[in-house]
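# Understanding the architecture of this molecule
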Amino acid sequence: MKQYLAKDKILLALRAVTSIGVIVFLLFYVELKTIVDTLASADLVMVLIVFLLSVANLYFQFLKWKLVVFHQLNENNNLKILQSLFYGIGAGLFTPAKIGEYVSRAIPFKDKKISDVSIATFIDKIFGMIIIAAIGGLFFIYFCFYKLFIPGTITLTVFMLIVIGLAIIPLTLLTVVVFRKNIASYFSRWEFIAKLVNKLSVIRMVKGRYLLKLFTFSFLYYLIFSLQFTILIGAFSTEFHFAQFYSIVVLVYFAQIAIPPIFLGELGIREGAAV
């Protein structure tokens, strides 16, 4: 009983922090006058297209999260899943590395453990990161070698260092999953670590059709949000060069995961890379 009361208090606090955080974010980072002035010089048709594509953007995010929630948490309530998604998006706006998203998605699932929802959220996120890294890496090599004329050896060296850095987390998780019993036994004196290691074993469930669907939904989601960014660049440009603008977008998102996202909502990384 005490455990459930404690969890309810944590979820209530998360709900309050998320709501306050979003309000503060909007007050300090979004200036309505600036947005209006900027939109006045943009191609409003393109902006409208981007706005309409947001429906598809959210739809694929929802499908992906619904798939993960069903398999990892045994939950299929569409309303709770949608609420969870929006709570996560809100918390991700004002927390470094969007870390708040991992716990705030647990708010609607009162009967689920926060740690289980956080692991499910990680599974949801990691597939998108793999696709961004794979596609962005190819564009990165092309951009450095053919556009910046950086020697191939230097380009490949930098690329490999980035790949190794990005692979540390999934490789560590794979090691934990494979040697779960040994690691849990070694850290048995630290109950929290031992429990976390055991919980990570659910990653083994990600296989077969479930794995294929996750990659498919993640790829379609990637296409939608990269297309939105591409069209937005065109909306604020005098000419629309799709191939060039799309290349820029791919590289921007690659930079976003290659550079440690320590800023609130990753503010600054995407904008700096785009410039």
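No experiment lies behind these values; they were computed from the predicted model shown.

### A look at the overall build of the chain
A count of helical and extended segments in the chain gives 12 helices and zero strands. When the helices and strands of the chain are placed in sequence order, the string is α-α-α-α-α-α-α-α-α-α-α-α. Within the span of the chain, comprising 275 residues, buried residues form 39% of the whole. Sequence separation of 24 or more characterises 64% of the internal contacts of the chain that already satisfy a separation of 6 or more.

### Some details on helix α6 (residues 114-147)
Under the 1.5 Å per step criterion, the end-to-end length of α6 is 46 Å for 34 residues, consistent within 8% with the ideal 50 Å. Positive backbone phi, approximately 60°, marks Phe 149, located one or two places after α6.

### A short note on the nonpolar core
Counting 41 residues, the largest nonpolar core has Trp 65, Val 68, Phe 109, Ile 123, Tyr 210, Leu 214 and Tyr 222 as the members making the most contacts within it. Mapped onto this core, the elements with two or more residues apiece are α3 (44-73), α4 (78-93), α6, α10 (208-235) and α11 (242-258). Of all hydrophobic cores here, the second largest spans seven residues; its members include Val 47, Val 50, Ile 231 and Ala 235.

### Re the side chain of Glu 75
Looking at where Glu 75 falls in the secondary structure, it is placed in the loop between α3 and α4. Polar contacts involving the side chain of Glu 75 include one to the main-chain amide nitrogen of Asn 77, which spans 3.1 Å. The contacts of Glu 75, once residues within four sequence positions are left out, are Val 69, Phe 70, Lys 80, Ile 81, Phe 109 and Lys 112.

### Focus on the pattern of salt bridges
Applying the stated criterion to the full structure yields five salt bridges. Residues Glu 101 and Arg 105 are paired through a salt bridge, measuring 2.7 Å at the closest nitrogen-oxygen approach. Each of the two residues, Glu 101 as well as Arg 105, counts as buried. Overall, the relative accessible area of 3% leaves Glu 101 in the buried class. Sharing partners across several salt bridges, the network here consists of Lys 64, Glu 101, Arg 105, Asp 124 and Lys 125.

### Side note on a nonpolar patch on the surface
On the surface, Tyr 142, Phe 143, Phe 145, Tyr 146 and Leu 148 cluster together into a nonpolar patch covering about 510 Å² of accessible area. Note on Leu 148: relative accessible area 46%, which makes it partly exposed.

### Digging into the packing of α3 against α4
The geometry of α3 relative to α4 is characterised by a closest axis approach of 10 Å and an angle of 115° between their N-to-C directions. One element, α3, and the other, α4, form an angle in the roughly perpendicular class. Here α3 runs over α4; the crossing is right-handed. Taken together, the residues of α4 that come into contact with α3 (itself represented by Leu 58, Gln 61, Phe 62, Trp 65, Lys 66 and Val 69) are Asn 78, Ile 81, Leu 82, Ser 84, Leu 85, Phe 86 and Ile 89. Here the residues of the contact of α3 with α4 sort into nine nonpolar, three polar and one charged.

Cut-offs used in this document
- Within any chain, residue numbers begin from 1 and follow the written order of that chain's sequence.
- Reporting of local features is limited, given that this is a predicted model, to residues whose pLDDT is at least 70; pairs of side-chain atoms are given and counted only at 80 or more, and all residues count toward the totals for whole chains, interfaces and linings.
- Side-chain metrics in this entry use all non-hydrogen atoms of the structure; hydrogen atoms and water are not considered.
- Put simply, DSSP marks the helices as runs of H or I at least four residues long and the strands as runs of E at least two long, and each gets a number from the N terminus on.
- Each residue gets one of three labels from its accessible area relative to the maximum for its type: buried under 20%, exposed over 50%, partly exposed in between, using a 1.4 Å probe on protein chains only.
- Contacts are assigned to residue pairs with any non-hydrogen atoms lying within 4.5 Å of each other.
- Working rule for helices: expected span equals 1.5 Å times residues minus one.
- The criterion is simple. A nonpolar core is a set of buried Ala, Val, Leu, Ile, Met, Phe, Trp, Tyr and Cys residues joined through side-chain atoms within 4.5 Å.
- For this analysis, a polar contact is any N or O atom pair within 3.5 Å, provided that within protein one partner can donate a hydrogen and the other can accept it, and provided that sequence-adjacent residues contribute only side-chain to side-chain pairs.
- Any carboxyl oxygen of Asp or Glu that lies within 4 Å of a side-chain nitrogen of Lys or Arg is treated as forming a salt bridge with it.
- Each patch groups residues whose relative accessible area exceeds 30% and which form no salt bridge, using 9 Å between like charges and 5 Å between nonpolar side chains of Val, Leu, Ile, Met, Phe, Trp and Tyr.
- A 1.4 Å probe and the Shrake-Rupley method give the accessible areas. Residues count as covered only by the protein chains that appear here.
- To obtain each axis, a line is fitted to C-alpha atoms, and for helices this fit is confined to the stretch in contact; angles are then taken between N-to-C directions over 0 to 180 degrees.
- Working rule for angles: under 35 degrees goes down as roughly parallel, over 145 as roughly antiparallel, 65 to 115 as roughly perpendicular, anything else as oblique.
- Here a crossing is taken to be left-handed if its near helix is turned anticlockwise relative to the far helix by less than a right angle, and right-handed if that turn runs clockwise.
- Only Asp, Glu, Lys and Arg are considered charged, only Ala, Val, Leu, Ile, Met, Phe, Trp, Tyr, Cys and Pro nonpolar, and every remaining residue, Gly among them, polar.

So far we have only geometry, and geometry alone does not tell us how the molecule works.
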